[in-house]
Amino acid sequence: MKNTMRVTASLCIGLVVATLLAGCRAGGDSPGLEYAPNMYHSVAYEPYTQITNLDAGRWLTSIEYEDGHAEFYNSNNLNPFKMNMRMPPANTVSRNKLGLLPYRLHKDSLESASKLVSPYEGSVDAILADGKALYTMYCTHCHGAKGEGDGKVATGVTVDGVERSMYAGVANLKGDAYKDITEGYIFHVITVGKGLMAPHGSQISQEDRWKISHYVKALQK
Ligand code: HEC
């Protein structure tokens with residue numbers, strides 16, 4: 001009697017475990033039961049993936065859209081390769097909002113860079129104001145508010161009575177050596193760096209780099 005009960009109990013537990021595991025099984029296009037799918041899939045469109053299962057997330061949410069799909073269905077049937085992203089037309093290069101192409105001049109091409117013309121040529125006060133704000137954000141700590149190479153990082157701090165410069169050799173942009181540099185030159189230096197100065201191309205947009213260059217020229221006057 002005791003034995004039969006034990007066997008029945010084990011069988012029951014086995015059955016429950018098997019049922020639970022079967023519910024998790026993934027295969028084909030089905031990822032199986034996903035606990036909290038919003039941790040894996042965004043409701044928003046993702047560039048590389050689409051969720052084609054009309055029922056995705058239905059068990060989790062009461063949201064249902066007009067065409068009958070559940071919240072996590074985010075497919076775009078018109079696009080090839082089950083991707084939301086679309087390929088750019090062949091042999092084209094994307095331009096940004098200002099119509100600028102990606103910047104490709106080599107680090108050593110300072111001479112060519114000097115001849116570049118700013119898209120903000122003959123620009124208005126607003127550009128200068130933007131340039132000032134951006135310069136304050138990205139350059140002042142080294143080059144100083146007036147461009148004299150006396151920013152906090154360049155002059156350093158006094159520790160136990162000893163002056164320590166954190167970043168040596170910062171250029172005084174008002175010095176004679178720099179009075180004739182062009183906006184294109186400054187743009188180039190900001191983008192790819194020069195000598196001890198690190199490149200800032202990845203953290204400042206092209207538009208903003210031109211605005212800063214414009215401001216630096218004004219600062220030098
Ligand atoms: C971390 C400190 C630092 C920051 C931030 C910095 N610079 Fe510099 N910059 C330097 C140093 C150091 C040099 C001197 C480079 C050399 O001669 O080796 C320099 C040189 C320059 C030069 C002269 C290049 C030449 O021909 O010798 C220009 C122009 C310039 N910086 C512009 C800028 C502008 C504009 C910004 C803001 C976007 C900026 N820098 C941010 C440290 C900095």
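Quick caveat, the model's predicted, so the values are computed rather than measured. (Residues numbered from 1 in each chain as written. Predicted model: local features only at pLDDT ≥ 70, side-chain atom pairs only at ≥ 80, totals over all residues. Heavy atoms only, no water.)

Draft legend 1. Fine view of the coordination of the iron atom of the ligand. The iron atom of the ligand binds to the protein through His-143 (NE2) and Met-197 (SD); the donor distances cover 1.9 to 2.1 Å. Every donor counted, the six donor atoms about the iron atom of the ligand form angles of 86 to 179° at the centre, which fits octahedral coordination. One end of the pair, His-143, is in helix 4 (residues 140-143); the other, Met-197, is in the loop between helix 6 (183-192) and helix 7 (206-220), with 54 residues separating them in the sequence. The class for Met-197 is partly exposed, based on a relative accessible area of 27%. (Donors = N, O, S within 2.8 Å, 3.2 Å for Na, K, Ca; no water. Tetrahedral: all angles 85-135°; square planar, octahedral: opposite > 155°, others 65-115°. Helix = DSSP H or I, 4+ residues; strand = E, 2+ residues; numbered from the N terminus. Buried < 20%, exposed > 50% of the residue type's maximum accessible area, 1.4 Å probe, protein only.)

Draft legend 2. Seen up close, the site of the ligand. For the ligand, the set of nearby residues contains 23 residues, the closest of which are Cys-139, Cys-142, His-143, Tyr-185 and Met-197. Between the ligand and His-143, the relevant distance is 2.7 Å, taken from a nitrogen atom to a side-chain nitrogen or oxygen of the residue. Between the ligand and Lys-194, the relevant distance is 3.4 Å, taken from an oxygen atom to a side-chain nitrogen or oxygen of the residue. Mapped onto the shell around the ligand, the elements with two or more residues apiece are helix 4, helix 6 and helix 7. Taken together, the residues that form the shell around the ligand break down as 17 nonpolar, five polar and one charged. (Near = heavy atom within 4 Å. Polar contact = N/O pair within 3.5 Å; in protein donor to acceptor, adjacent residues only side chain to side chain. Nonpolar A, V, L, I, M, F, W, Y, C, P; charged D, E, K, R; others polar.)

Draft legend 3. View of the packing of helix 6 against helix 7. At a minimum axis distance of 9 Å, the contact between helix 6 and helix 7 shows a crossing angle of 125°. Of the possible angle classes, the one that applies to helix 6 and helix 7 is oblique. Handedness of the crossing formed by helix 6 with helix 7: right-handed. Together, Glu-183, Gly-184, Ile-186, Phe-187, Ile-190 and Thr-191 of helix 6 and Gln-206, Arg-209, Trp-210, Ile-212, Ser-213, His-214, Val-216 and Lys-217 of helix 7 make up the contact between the two elements. When the residues that make up the contact of helix 6 with helix 7 are grouped by side-chain class, the tally is six nonpolar, five polar and three charged. (Axes fitted to C-alpha atoms, helices over the stretch in contact; angles between N-to-C directions. Parallel < 35°, antiparallel > 145°, perpendicular 65-115°, else oblique. Left-handed = near helix turned anticlockwise from the far one by under 90°. Contact = heavy atoms within 4.5 Å.)

Draft legend 4. A look at the pattern of salt bridges. Per the stated rule, a full pass over the model turns up three salt bridges. Between Asp-55 and Arg-58 there is a salt bridge, and its shortest N-O distance comes to 2.9 Å. What makes Asp-55 partly exposed here is its relative accessible area of 43%. Arg-58 serves as the salt-bridge partner of Glu-64, at 2.6 Å between the closest nitrogen and oxygen. On the accessibility criterion, Glu-64 (52% relative accessible area) is exposed. The exposure class of Arg-58 is partly exposed, given its relative accessible area of 29%. (Salt bridge = Lys/Arg side-chain N within 4 Å of Asp/Glu carboxyl O.)

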